[in-house]
2 protein chains.
Amino acid sequence: MSKLYAIGIGPGDRRWMTAKAIEAIESCSDLVAYGLYLDLLGKLCHGKQHHVLPLGEEIARARLALDLAAAGKTTGLISSGDIGIYGMATVVFELLDRQLQGEEAHPEWLDVDIEVVPGISAMQAGASGAGAILGHDFCTISLSDLLTPWDTIEKRIHCIGAGDFVVSFYNPASKKRHWQLNRARDILLEYRAPSTPVLIARQVTREDEKLNIVCLGDLDAKDVDMFTLISVGNSESRHIVNGQQHWVYSPRGYSKQI
Amino acid sequence: MSKLYAIGIGPGDRRWMTAKAIEAIESCSDLVAYGLYLDLLGKLCHGKQHHVLPLGEEIARARLALDLAAAGKTTGLISSGDIGIYGMATVVFELLDRQLQGEEAHPEWLDVDIEVVPGISAMQAGASGAGAILGHDFCTISLSDLLTPWDTIEKRIHCIGAGDFVVSFYNPASKKRHWQLNRARDILLEYRAPSTPVLIARQVTREDEKLNIVCLGDLDAKDVDMFTLISVGNSESRHIVNGQQHWVYSPRGYSKQI
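Residues numbered from 1 in each chain as written. Chains lettered and ligands numbered in written order. Predicted model: local features only at pLDDT ≥ 70, side-chain atom pairs only at ≥ 80, totals over all residues. Heavy atoms only, no water.

Visitor: Break down the interface of chain A and chain B for me, with residues and values.
Guide: In many analyses, interface size is given as the accessible surface area lost on bringing the parts together. With 73 residues of chain A in contact, the opposing surface of chain B contributes 73 residues. Summed over both sides, the interface between chain A and chain B buries roughly 7000 Å², with carbon and sulfur atoms accounting for 58% of that surface. Among the residues of chain A in contact with chain B, Leu147, Arg156 and Arg252 of chain A are the three that bury the most area, contributing 11% of the side total. Linking chain A to chain B there are six salt bridges. Note that Glu23 of chain A and Arg15 of chain B form a salt bridge whose closest N and O atoms lie 2.9 Å from each other. Summed over the shared surface of chain A and chain B, the number is 45 residue pairs in polar contact (both at pLDDT 80 or more). Among the elements that take part in the side of chain A that touches chain B, helix 4 (residues 89-100) of chain A stands out by supplying 10 residues, more than any other. Partitioning the side of chain A that touches chain B into residue classes produces 35 nonpolar, 22 polar and 16 charged. Two strands pair when backbone bridges link them, and strand 7 (residues 138-142) of chain A and strand 7 (residues 138-142) of chain B are joined in this way by two bridges, in the antiparallel orientation. Looking at strand 7 of chain B, one finds that Cys139 of chain A is bridged to Cys139 of chain B. (Contact = heavy atoms within 4.5 Å. Buried area = accessible area lost by both parts, 1.4 Å probe. Salt bridge = Lys/Arg side-chain N within 4 Å of Asp/Glu carboxyl O. Polar contact = N/O pair within 3.5 Å; in protein donor to acceptor, adjacent residues only side chain to side chain. Helix = DSSP H or I, 4+ residues; strand = E, 2+ residues; numbered from the N terminus. Nonpolar A, V, L, I, M, F, W, Y, C, P; charged D, E, K, R; others polar. Pairing = 2+ DSSP bridges.)

Below is the structure:
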């Protein structure tokens, strides 16, 4: 049976991949990805056919991966982080769903054996590098309004504020999008103190990694780009300092039992 | 400098661990964990000093790990899944915070070099085994009211419902706790259709793995135990069937662009 792996390769450093992801890549003859991700993999993807499509070509990438697999090539569709979290896996299933509904003309896709291999997502990499901000109930929101109407996003931020969830903002800003993060901050400030700790995690595990802990009141989109992940604490999250080391964590409340 | 690794070992199968987690465990002389987790590691933890404390002894486990590391032993504190997500990492920082505030008498803890190593969390393992239910904005809520008042949990479930988030329920039930999941279902039914797909993922990647997709209206705590993770879709999540294969995914909306 023809095989398509949808593989999350984690935040960047190869040591953060699972053995399962490495095995899956090794078994592939063809890899479909945004170019940067293949660079991150280095030697692991040598000798394989590379199919590089730029950002913005997500549907084309998923189609190509399904087509290659249906043609009998063991194919790996690659995303950084967890491919199931704001990654390409869901695009594959959107296309499969269309075929099942008769909206595509690719019955051969239905014979592809799909396997999703998760990876460490950016919020996990950032959190672990700076403590444990995801230690209690949390949410993720993508601030990209290319596919989701901004009204929906804004409503979700209000819900997060009201529910006092820790929240990670994916796609917080790009060259063309910058006001959304500041708007998100202002909404959260209706519910949380300006002193609430925020983790700004950029290029985690990569050469130019930078982790900063700031206050919600000082969060500004000008300090953020598309390689950055923002996690905002809840009302109980704590920024603590031990000598040179800064940490941010969200308590589960164990210390109340002491 | 004395070293404490807080390590997430993923859902169970060793191939789902990161290389980083394996390296960290290999470097340790002492491992602190709930016994089952050491069983899952198998050979990887042979020849090391094991310190096994039962469930419910989370504070004692974190204290012991800090004490061992402070005494110069390279120590690994182990959780399944991601140790930063409802895992032991946050307990370590709660204790460190207490010491920094003068509420503990362990200044030697301040010299411990703490490193958190994330892992694949149960929601990721479940989602990937059955498609991509975490494909769009999502939340996690622990249904355990041992440390968090039920009123807070219930308020959060309402917020999730209002915000139309995908939601994963950790600790959905145990021998002593069973009504919470049914109450959570009833709250979500105020916001979502009974046909909303729900993933019931039990013992993912382990020998007795079981993945079931049901409707929200049919979700019942009697089918759930402490080895189960529940993920409830949002209003757009889809349960699709291709031959014998069932999938559940949450679209990001790419197919609307076609």
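Visitor: Please provide a residue-by-residue account of unusual backbone geometry, values included.
Guide: Residue and element names in this part refer to chain B. The phi angle at Asn171 is positive, at roughly 50 degrees, despite the residue not being glycine. By secondary structure assignment, the location of Asn171 is in the loop between strand 8 (166-170) and helix 7 (179-188). One non-glycine residue, Thr205, adopts positive backbone phi at about 75 degrees. Structurally, Thr205 is set in the loop between strand 9 (197-202) and strand 10 (210-215). In this structure Thr205 comes out as buried when scored by relative accessible area, which is 16%. (Buried < 20%, exposed > 50% of the residue type's maximum accessible area, 1.4 Å probe, protein only.)

Visitor: Outline the packing of aromatic side chains, listing residues and values.
Guide: Across all of its chains, the model carries 10 aromatic pairs over all chains by this definition. Between the aromatic rings of Tyr34 of chain B and Tyr37 of chain B, the centroid separation amounts to 5.2 Å while the plane-to-plane angle is 85 degrees, which identifies the pairing as edge-to-face. Since its relative accessible area comes to 15%, Tyr37 of chain B is described here as buried. Between Trp150 of chain B and Trp179 of chain B, the aromatic rings sit 4.9 Å apart at their centres with planes inclined by 70 degrees, giving edge-to-face as the arrangement. Here the residue Trp150 of chain B occupies a position in helix 6 (residues 150-163), and Trp179 of chain B occupies one in helix 7, the gap between them amounting to 29 residues. Through successive ring pairs, a cluster of aromatic residues spans Phe93 of chain A together with Trp247 and Tyr249 of chain B. (Phe/Tyr/Trp six-rings, centres within 6.5 Å; stacked < 30°, edge-to-face > 60°.)

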